[in-house]
Amino acid sequence: MQANTLEKLQYISQGHSLAQQKNNILKALDDGARWIQIRWKQADEKEFHRLSQQVKQACDQYGAQCIINDHVHLAKDLDVDGVHLGLEDCSIAKARALLGPSKIIGGTANTFEDVQQRIRERCDYIGLGPFKHTYTKQKLSPLLGIEGYKNIRNKINLQGLPPTPIFAIGGIDSLDDIQRLVQAGVYGVALSGLVTQTPHIISSIKNILQ
């Protein structure tokens, strides 16, 4: 997967029910989101499958990339665009073997050591965070802040590591945050609450990321 084919804004879905999840995703698509990551940790398997089927169809209609959080076998069954894997989820290598070379596989990282691991594993992008405190994750890793992203970017450059798109994630709640993160060298941002609550600012976010 070529880096320049990746959208710079990821919307990570929110909602406590299938109806809430779908409604939030459709609003994001209507307002210009073209990368949806389906994340619904509390769902049972059947409900998550139903939501993923419906979102895949919607993404196809909008020309948007559809990524599933964690569920690699479901991603294969539904033929979505890829998966996002946490550090304790299925390995990148196993996911690649199952999904093939053309699918997008992203991985979570919290530290420079995690970033090194993800680059070695040859994932297509890295979700690096959290930037600030966020309520969407229960077990929160140490907060990076702007300086954390700058430091990791500098270490990547100093060590001459292969370029892998880095998306800032976790607690990004304003256009100012996004502007500062872009200046710190991130490729893009993965947003949940900000897009859920104010989908109409997606066009402004995309302007900053261009």
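Because the structure is a prediction, the values reported are computed rather than measured.

Draft legend 1. Representation of the overall build of the protein in the model. Broken down by element type, the protein carries nine helices and eight strands. For 210 residues, the compact-globule estimate of 2.2 N^0.38 gives 17 Å, and the protein sits close to it at 16 Å. If one aligns the C-alpha atoms of the protein with their principal axes, the spans along those axes are about 45 × 40 × 30 Å. A burial count over the protein gives 51% of its 210 residues as buried. In the protein, the share of contacts with a sequence separation of at least 24, taken over all contacts with a separation of at least 6, comes to 54%. Roughly 10400 Å² of accessible area belongs to the protein as shown, and the carbon and sulfur atoms make up 47% of that amount.

Draft legend 2. Local environment of the sheet that holds strand 3 (residues 65–69). Read around the closed barrel, the eight strands follow the order 1-2-3-4-5-6-7-8; overall the barrel is parallel. Between one strand axis and the next, the sheet turns by 25 degrees as a mean value, whatever way the strands run. Pairing analysis gives four bridges linking strand 4 (residues 82–85) to strand 5 (residues 104–109), with the strands arranged parallel. In the strand pairing of strand 5, Val83 is matched with Ile105.

Draft legend 3. Region of the structure containing the state of the cysteines. Applying the stated rule across the entire model yields zero disulfides. Among the cysteines around Cys59, which has no disulfide bond, Cys66 carries the closest sulfur, lying 4.3 Å off. Its relative accessible area of 0% is what places Cys59 among the buried residues. Between Cys90, a free cysteine, and Cys123, which holds the nearest cysteine sulfur, the sulfur-to-sulfur gap is 13 Å. A relative accessible area of 27% means that Cys90 is categorised as partly exposed.

Conventions used here
- Residues numbered from 1 in each chain as written.
- Predicted model: local features only at pLDDT ≥ 70, side-chain atom pairs only at ≥ 80, totals over all residues.
- Heavy atoms only, no water.
- Helix = DSSP H or I, 4+ residues; strand = E, 2+ residues; numbered from the N terminus.
- Rg over C-alpha atoms; globule rule 2.2 N^0.38 Å.
- Buried < 20%, exposed > 50% of the residue type's maximum accessible area, 1.4 Å probe, protein only.
- Contact = heavy atoms within 4.5 Å.
- Areas by Shrake-Rupley, 256 points an atom, 1.4 Å probe, with all protein chains shown as cover.
- Pairing = 2+ DSSP bridges.
- Axes fitted to C-alpha atoms, helices over the stretch in contact; angles between N-to-C directions.
- Disulfide = S-S within 2.5 Å.

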